[in-house]
Amino acid sequence: MSAAGIICEYNPFHEGHQFHIQQVREKTGADTVVALMNGDFVQRGEPAIVDKYIRTRMALEGGADMVFELPVRYGLSSAEDFARGGILALDSLSFIDFYCFGSEGAVQEQLELAGRCLAEEPELYKRQLGCYLREGFSFPAARERAYADCVELSQEEREQLFMPNNTLGIEYIKSAWRLGSPMKPVAIKREGMGYHEELTGQQEGQGFLSATAVRSQIWKGNFAGLSEGAVELLKKAPCFLCSEDFWQMCSFAIRDRWERLEDIKDLSGELANSFRKNWYEAVSLDDFANHCKTKNMTMARIKRCVFQTLLEIEKESGGEDSLPYIRLLGMRRRAAVNLKRVKKTKVLGRLARDMEELDKKGRDKLFQDIKAADLYRTAAMAVSGQRLPEEFRQPVILMD
């Protein structure tokens, strides 16, 4: 048996994701497709529009065989850490042969060359990176320019190579290279709209909608770009959540950690001071983030730091070589045989029972994921007015 892994958010799962899974099966010949999915908060620093259990059902109905949860300390992080955590998780499962990702125009050889270069960090790259950072470029922009200088790319070639999905693909390759993972990269050409592209005209002729466009349509009461099964699941959701539903929680968390903001994972001293300066007059999360925004500070990073503060995700010394646990959210029954092949980590199915086998460090990390789910559930109950099951009462979703 062979297995292919996809690191994803499925926020929400749409027709483009279903096509991607089909392409993964065709290109790799894998018997099992594993989705490693963000939990209730996503990489750009936002809550998912619906909870991880609804999105798990959508993924299983859409072609995935197993869905695992990417720990929030990696999921709510920079592209580099998001990719590192994703590769670490898939490698820890031991039975994954391929890691697959969408790409936008670049050929796989170009992505692999860039990934290896960024993993090895040659002297020219480090020198140029430092120069661009001193000029005030954000880290992602500085890195792109430094790499382009190393391999003599034109501006057009650089912009094409470092499109959003390509950037993540490069980070996956870099992380797998550094980890020494035997998993093989497989790039799947992205079809349809661009990563952040919005729907501006008629749906006809646009191809697969982006997740950004799908969410925008959902807020308008339109379910364009979704399969019938996905639409039915979304219609049964208690509510749809957005960042502003968490502003009161986030505002309290910032004030509560006032003197310890620098301990938060991605909060620099400069950004921590900006948080303190702009907190007093902010009337919403967007208002707060806009006041903290600078030339070399992306909006996504600011919002990630806000939610990292809420969830108390702090800086850590050193890195993990494998995950102490990985949470199984759902699977098709035929895929259960793969669980016997897991060697490097503990799979958590029944949460209360299985977590007892973790050491204190592992349980402390798991409690971050549980806290994230608890706060998401609290916001969902406040918005919907419905009582929702707490994390320890959520079973693994099984499908035939």
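Structural notes, computed from the coordinates. Quick caveat: nothing in here was measured; it's all calculated off a predicted structure.

## Examining the state of the cysteines
Taken as a whole and judged by the stated rule, the model has 0 disulfides. Among the cysteines around Cys-131, which has no disulfide bond, Cys-150 carries the closest sulfur, lying 11 Å off. Its sulfur unpaired, Cys-250 is 11 Å from the next cysteine sulfur, which belongs to Cys-242.

## Considerations on the pattern of salt bridges
A full pass over the atoms with the stated rule returns 29 salt bridges. Note that Glu-312 is salt-bridged to Arg-257, the shortest N-O span being 3.6 Å. With a gap of 55 residues between them, Glu-312 in the loop between helix 15 (299–311) and strand 8 (325–332) and Arg-257 in the loop between helix 12 (247–256) and helix 13 (269–278) connect regions that are remote in the sequence. In this structure Arg-257 comes out as buried when scored by relative accessible area, which is 2%. For Arg-327, the salt bridge goes to Glu-391, with nearest N and O atoms at 2.9 Å. Here the residue Arg-327 occupies a position in strand 8, and Glu-391 occupies one in the loop between helix 17 (360–384) and strand 10 (397–399), the gap between them amounting to 64 residues. By relative accessible area, Glu-391 is classed as buried at 6%. Shared partners join several salt bridges into a network, and the residues in it are Lys-52, Glu-69, Arg-327 and Glu-391.

## Brief notes about empty space enclosed by the protein
Applying the stated rule across the entire model yields 3 cavities of 30 Å³ or more. As for the second largest cavity, its lining consists of Gly-39, Asp-40, Phe-41, Glu-69, Leu-70, Pro-71, Val-72, Gly-75, Leu-76, Asp-369 and Ala-372. At the level of elements, strand 5 (66–70), helix 3 (72–75) and helix 17 are the ones that each hand at least two residues to the lining of the second largest cavity. When grouped by side-chain class, the residues that make up the lining of the second largest cavity number 6 nonpolar, 2 polar and 3 charged.

## A closer look at the layout of surface pockets
As a volume, the largest pocket reaches approximately 1000 Å³. Ser-78, Ala-79, Pro-140, Thr-298 and Arg-304 are, among the 31 residues lining the largest pocket, the residues nearest its centre. Elements that contribute at least two residues to the lining of the largest pocket include exactly helix 4 (79–93), helix 7 (139–151), helix 9 (164–179) and helix 15. Among the elements that take part in the lining of the largest pocket, helix 7 stands out by supplying 5 residues, more than any other.

What counts, and where the lines are drawn
Residues numbered from 1 in each chain as written. Predicted model: local features only at pLDDT ≥ 70, side-chain atom pairs only at ≥ 80, totals over all residues. Heavy atoms only, no water. Disulfide = S-S within 2.5 Å. Salt bridge = Lys/Arg side-chain N within 4 Å of Asp/Glu carboxyl O. Helix = DSSP H or I, 4+ residues; strand = E, 2+ residues; numbered from the N terminus. Buried < 20%, exposed > 50% of the residue type's maximum accessible area, 1.4 Å probe, protein only. 1 Å grid on protein atoms, 1.4 Å probe; cavity = no way out; pocket = protein on both sides within 12 Å on 5 of 7 lines; lining within 4 Å. Points joined across faces, edges and corners; volume = space filled by probe spheres on them. Nonpolar A, V, L, I, M, F, W, Y, C, P; charged D, E, K, R; others polar.

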